[in-house]
Amino acid sequence: MEILIYPAAQVVARAAAEMIGLSAQRGATLGLATGATPLLTYQELIASYRRGELSFAQSKAFLLDEYVGLAPNHPQSYHQTIREVFTSHIDIDDSAVHSPDGAAERPWEQAQEYEQLIIDAGGIDLQLLGLGTNGHIAFNEPATSLSSTTRIETLHPQTVADNARYFSSVAEVPTHAITQGLGTILRSGHALLLATGKAKAEAVERLVEGPLSASCPASVLQLHPHATIIVDEAAAAGLANLDYYRYVQTHRPDWQGADGLPRLV
Ligand code: F6R
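Bear in mind that the values here come from a model prediction, so they are computed numbers and not experimental data.

## Section: the site of the ligand
No. 1: If you check the shell around the ligand, you find 15 residues, and the closest are Thr37, Asp65, His136, Ala138 and Lys200.
No. 2: One of the side-chain nitrogen or oxygen atoms of Asp65 is found 2.6 Å away from an oxygen atom of the ligand.
No. 3: Within the side chain of His136, a nitrogen or oxygen atom sits 2.7 Å from an oxygen atom of the ligand.
No. 4: Protein chains shield 93% of the accessible area of the ligand, which is 410 Å² for the free molecule.
No. 5: When grouped by side-chain class, the residues that make up the shell around the ligand number 6 nonpolar, 6 polar and 3 charged.

## Notes on the environment of Asp101
No. 1: Relative to the assigned elements, Asp101 resides in the loop between strand 5 (97-98) and helix 4 (107-120).
No. 2: Overall, the relative accessible area of 28% leaves Asp101 in the partly exposed class.
No. 3: Separated by 29 residues in sequence, Asp101 and Pro72 place their C-alpha atoms 6.5 Å apart.
No. 4: Discounting residues that sit within four places of it in the chain, Asp101 has contacts with Pro72, Gln110 and Ile178.

## Quick look at helix 2 (residues 39-50)
No. 1: Taking 1.5 Å per residue as the helical rise, helix 2 with its 12 residues ought to reach 16 Å, and the 16 Å between its terminal C-alpha atoms agrees with that figure.
No. 2: Inspection of helix 2 places Thr41, Tyr42, Glu44, Leu45, Ile46 and Ser48 among the buried residues, and these make up the whole buried set.
No. 3: In the core, the buried residues of helix 2 are packed alongside helix 1 (9-25), strand 2 (29-32), helix 3 (78-85), strand 6 (126-129) and strand 9 (190-195).

## Thoughts on the nonpolar core
No. 1: Leu32, Leu45, Phe56, Phe86, Leu192 and Ile230 are the most contacted members of the largest nonpolar core, which totals 44 residues.
No. 2: For this core, the element with the highest residue contribution is helix 1, accounting for 7 residues.
No. 3: Not counting chain neighbours up to four residues away, the residues in contact with Leu45 comprise Ala17, Ile20, Gly21, Leu54, Phe56 and Phe86.
No. 4: Of all hydrophobic cores here, the second largest spans 29 residues; its members include Val208, Val220, Ile229 and Tyr245.

## Details of the pattern of salt bridges
No. 1: Counted under the stated rule, the structure contains 5 salt bridges.
No. 2: Arg246 is the salt-bridge partner of Glu233, the closest N and O atoms lying 3.1 Å from each other. With Glu233 in helix 8 (residues 233-236) and Arg246 in helix 9 (residues 242-250), the pair connects residues that are 13 residues apart, well separated along the chain.

## Focus on the UniProt feature "domain: Glucosamine/galactosamine-6-phosphate isomerase" (unreviewed entry) in the protein chain
No. 1: In the numbering used here, UniProt assigns the feature "domain: Glucosamine/galactosamine-6-phosphate isomerase" (unreviewed entry) to residues 8-222.
No. 2: Taken as a whole, residues 8-222 contains 33% helix and 14% strand, while its terminal C-alpha atoms sit 24 Å from one another.

## Examining the pairing of strand 6
No. 1: The alternating pattern of strand 6 places Leu126 and Leu128 and Gln127 and Leu129 on opposite faces, both of which are buried.
No. 2: Of the pairings in the sheet, the one linking strand 2 to strand 6 comprises 2 bridges and is parallel in character. The partner of Leu30 across the bridge, within strand 6, is Leu126.
No. 3: Sheet topology places strand 6 next to strand 9; 4 bridges connect them, and they run parallel.

## Notes on the sheet that holds strand 2
No. 1: Taken together, the 7 strands give an open sheet; going across it, the order is 1-10-9-6-2-3-5, and neighbouring strands pair in parallel fashion. With partners counted over all chains shown, the strands left at the sheet margins are strand 1 (2-6) and strand 5, one partner each.
No. 2: The sheet strands contacting helix 3 are strand 2, strand 3 (60-63) and strand 5, and the helix crosses strand 3 at an angle near 130 degrees.

## Brief notes about the environment of Ala195
No. 1: Secondary-structure assignment places Ala195 in strand 9.
No. 2: Judged by relative accessible area, which is 0%, Ala195 ranks as buried.
No. 3: As a C-alpha pair, Ala195 and Phe62 span 133 residues in sequence and 20 Å in three-dimensional space.
No. 4: Sequence-distant contacts of Ala195, that is, excluding residues within four places in its chain, are made with Thr37, Leu131, Lys200, Val204, Ile230, Val231, Asp232 and Ala235.

Criteria and cut-off values
- Residues numbered from 1 in each chain as written.
- Predicted model: local features only at pLDDT ≥ 70, side-chain atom pairs only at ≥ 80, totals over all residues.
- Heavy atoms only, no water.
- Near = heavy atom within 4 Å.
- Polar contact = N/O pair within 3.5 Å; in protein donor to acceptor, adjacent residues only side chain to side chain.
- Areas by Shrake-Rupley, 256 points an atom, 1.4 Å probe, with all protein chains shown as cover.
- Nonpolar A, V, L, I, M, F, W, Y, C, P; charged D, E, K, R; others polar.
- Helix = DSSP H or I, 4+ residues; strand = E, 2+ residues; numbered from the N terminus.
- Buried < 20%, exposed > 50% of the residue type's maximum accessible area, 1.4 Å probe, protein only.
- Contact = heavy atoms within 4.5 Å.
- Expected span 1.5 Å × (residues − 1).
- Core = buried A, V, L, I, M, F, W, Y, C linked by side-chain atoms within 4.5 Å.
- Salt bridge = Lys/Arg side-chain N within 4 Å of Asp/Glu carboxyl O.
- UniProt positions renumbered as here; feature names shortened; annotations may be inferred.
- Pairing = 2+ DSSP bridges.
- Axes fitted to C-alpha atoms, helices over the stretch in contact; angles between N-to-C directions.

Structure follows, in structure tokens:
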């Protein structure tokens, strides 16, 4: 894994936006995350687009997850959120931004169809990820099969509590989500996980240095052939091998990967 540590969340966002921008320029299929962490990255990308440096016209996007029970036009649905915070401000075609339908009559079939839609699109080239305080990625909660595909997940009470800030009360937070599985995420060409703030420090430590375990679903990224973890100082604070990761970062070679993209920011 590439572990990149930057002094503050804004610098994390710039580094992430640079990687995503390079992929978008190649018409990549992007996997998008919602939540608070990627917001600064989306703002960086929108600013680059407005400066005329970037186009997303050739890209498609797939969201990681959607709440079961929320229709696409619900203000708290991820379908709606991603448009508000990112895709309606850039030149990606709205019909190219996909997410599971949280209001589908048969959510299980919907999950399977979404998995197939990703496969039919040729897979996700770059998957952006946030990190739950309990180690989840997408909505894969502890004890998720490490090879799971898109399905319905019961949200951990900790996740419900963490996300209550977007709703008027905890009782309004849906208890289930349709989420890409860990196996789905493992199939992406490049997994790019961002974590900022001290509330994420323990989960970052478990992801990077803990055992590979379904108890920390994010640790599955240890199996990903190309995973980049970008964190700020606060989120990196619990890492035992921090000095080594910094050493690698400052001795980073300038060569490119086989895909022609720089391997490190
Ligand atoms: C959101 C998602 C979640 C979040 C995670 C962190 O689409 O899949 O895994 O990335 O819960 O959320 P924030 O960034 O709000 O701390």
